[in-house]
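# Overview (structure and organization)
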Amino acid sequence: MSASAHILLQKVSVEFPILSFRERSLRRRFMRAVTPFKARPQAPTHIVSALNDVSLDIRAGDRVALVGANGAGKTTLLRVLAGIYHPTSGSADVSGRCLSLFDLAAGFDEEATGYENIMRRGLVVGARRAEIEARRAEIADFTELGDKLDLPLRTYSSGMLLRLIFAVATAVEGEIVLLDEWIGVGDQQFRRKARQRLDDIVARAGILVLASHDIDLLKNTCNRAVLLQQGRIVTTGTVDEIIDRYLAGTGGAGT
Ligand SMILES: Nc1ncnc2c1ncn2[C@@H]1O[C@H](COP(=O)(O)OP(=O)(O)OP(=O)(O)O)[C@@H](O)[C@H]1O
């Protein structure tokens, strides 16, 4: 297990400015472009505050459960840790290589072959070209897709696609593993194999951050938990304490 992994979030907020539908229409955008600046009406925007003043110190050995109702900010927090979103204010320092096991379909190209996609997606998850080339045969073997890897992705069944996506996403190791729900893919036999691979990756990681609504999974996998509500941390503690509190409705949906 990597002992050097460390995450330090200090007062992190993430806001999304939302343009109104009217403002996004092509005609409106054209009119704005041709209207002198002073004569333009103010853009009617709405701001969604997805994370608000979030501070966390996560160290090697921590298996952190992100707990909260729909829209609480769990995925946004994972995306900040993965470097996909930058904080609107505050700072996010993440030391250690991150393996982001969510948004898995990003970086795949329907028209490219399975083999070409192994390289494309590998680069998206931050692996080096030489590293992916060295692991190409192992990734191909893991998918059990054989000659189908020479065909474009658009010819794959959904199960075949998931095998490829999972095999590539888990081909490189991370000191920090970020998971948005546990991944279960494929038919029964592949699912067992995938579960074993994921268990091994998590066991070797220095830090795990797992967002899920599956209480048993969180209790069995994590040792710490963070309860989020409307983008704010309500409380942190042991996974049992926090889940009991969440289930009791303190920080749950609608509270
Ligand atoms: N790209 C975006 N643009 C605008 N608002 C967003 C965006 N992403 C998230 N949000 C908003 O931020 C808030 C937090 O969303 P997030 O996806 O982080 O919640 P979550 O806790 O992961 O929810 P769930 O359990 O449903 O997956 C929600 O109000 C959501 O509507």
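Residues numbered from 1 in each chain as written. Predicted model: local features only at pLDDT ≥ 70, side-chain atom pairs only at ≥ 80, totals over all residues. Heavy atoms only, no water.

### What to know about the nonpolar core
- One finds V67, L101, L164, V177, L179, I183 and L210 to be the most contacted residues of the largest nonpolar core, which totals 50 residues.
- The greatest single-element share of this core, amounting to seven residues, is contributed by helix α6 (residues 158-169).
- In this view, I183 contacts L101, L104, F166 and L198; residues no more than four positions away in its chain are not counted.
- With 25 residues, the next largest nonpolar core counts V14, L51, L178 and V209 among its residues. (Core = buried A, V, L, I, M, F, W, Y, C linked by side-chain atoms within 4.5 Å. Buried < 20%, exposed > 50% of the residue type's maximum accessible area, 1.4 Å probe, protein only. Helix = DSSP H or I, 4+ residues; strand = E, 2+ residues; numbered from the N terminus. Contact = heavy atoms within 4.5 Å.)

### Some thoughts on the site of the ligand
- For the ligand, the set of nearby residues contains 14 residues, the closest of which are G71, K74, T75, T76 and H213.
- G71 has a polar backbone atom sitting 2.8 Å from an oxygen atom of the ligand.
- In this structure, an oxygen atom belonging to the ligand sits 2.6 Å away from a side-chain N or O atom of T75.
- Within the complex, 64% of the 640 Å² of free accessible area of the ligand lies under protein.
- When residues of the shell around the ligand are traced back to their parent elements, those giving at least two are β1 (6-19), β2 (45-59) and α3 (74-81).
- In terms of residue count, α3 provides more of the shell around the ligand than any other element does, three residues in total.
- The residue inventory of the shell around the ligand, partitioned by class, reads seven nonpolar, six polar and one charged. (Near = heavy atom within 4 Å. Polar contact = N/O pair within 3.5 Å; in protein donor to acceptor, adjacent residues only side chain to side chain. Areas by Shrake-Rupley, 256 points an atom, 1.4 Å probe, with all protein chains shown as cover. Nonpolar A, V, L, I, M, F, W, Y, C, P; charged D, E, K, R; others polar.)

### Side note on the sheet that holds strand β9 (residues 232-238)
- One open sheet accounts for six strands, arranged β5-β6-β7-β3-β8-β9; its pairing is mixed. Single-partner strands in this sheet number two, and they are β5 (98-101) and β9. Sheet twist, expressed as the mean angle between neighbouring strand axes with direction ignored, is 15°.
- Against the sheet, α3 touches β3 (63-67), β5, β6 (176-180), β7 (207-211) and β8 (224-229), its axis set at about 150° to β6. (Pairing = 2+ DSSP bridges. Axes fitted to C-alpha atoms, helices over the stretch in contact; angles between N-to-C directions.)

### Topic: the side chain of D62
- Among the structural elements, D62 can be located in the loop between β2 and β3.
- The class of D62 is buried, set by a relative accessible area of 15%.
- Within the local environment of D62, its side chain forms a polar contact with the backbone nitrogen of R59, the two atoms lying 2.8 Å apart.
- Not counting the four nearest positions on each side in its chain, D62 is found in contact with D57, G206, I207, L208, N223 and R224.

### Some remarks on α6
- An ideal rise of 1.5 Å per residue puts 16 Å on twelve residues; α6 measures up with 16 Å between its terminal C-alpha atoms.
- Every buried residue of α6 is accounted for by M160, R163, L164, I165, F166, A167, V168 and A169.
- Close packing links the buried residues of α6 with β5, α4 (114-124), α5 (129-143) and α7 (188-204). (Expected span 1.5 Å × (residues − 1).)

### Things to note about the state of the cysteines
- This structure, assessed with the given rule, holds zero disulfides.
- Free of any disulfide, C98 has its nearest cysteine sulfur in C222, 16 Å distant.
- Judged by relative accessible area, C222 falls into the buried class, the value being 7%. (Disulfide = S-S within 2.5 Å.)

### Observations regarding the sheet that holds β2
- Spatially, the three strands line up as an open sheet ordered β2-β1-β4, and their pairing is antiparallel. On the outer flanks of this sheet lie β2 and β4 (89-95), each paired with one strand and no other. Between one strand and the next, the sheet's axes are offset by a mean angle of 30°, whatever the strand orientation.
- Where β1 lies against β4, six bridges are found, and the strand directions are antiparallel. Paired with S13 across the bridge in β4 is S89.

### A closer look at the packing of α5 against α6
- For the pair α5 and α6, interaxial distance at closest approach is 9 Å and the crossing angle is 145°. The two elements α5 and α6 cross, and the hand of that crossing is right-handed. Touching I139, F142 and T143 of α5 are R163, L164, F166, A167 and V168, all from α6.
- Along the lines of polarity and charge, the residues of the contact of α5 with α6 split into six nonpolar, one polar and one charged. (Left-handed = near helix turned anticlockwise from the far one by under 90°.)

### Observations regarding the packing of aromatic side chains
- If you walk through the whole model with that rule in mind, you get four aromatic pairs.
- Taken together, a centroid distance of 6.4 Å and an interplanar angle of 80° make the contact between F166 and F190 edge-to-face. One end of the pair, F166, is in helix α6; the other, F190, is in helix α7, with 24 residues separating them in the sequence. Considered together, F166 and F190 belong to a single accessibility category, that of buried residues.
- Directly above the ring of F142 sits K193, whose terminal nitrogen or CZ lies 4.3 Å from the centroid.
- Over the ring of F142 we find R197; its NZ or CZ atom is 4.0 Å from the centre of that ring. (Phe/Tyr/Trp six-rings, centres within 6.5 Å; stacked < 30°, edge-to-face > 60°. Lys NZ or Arg CZ within 6 Å of the ring centre and 35° of its normal.)

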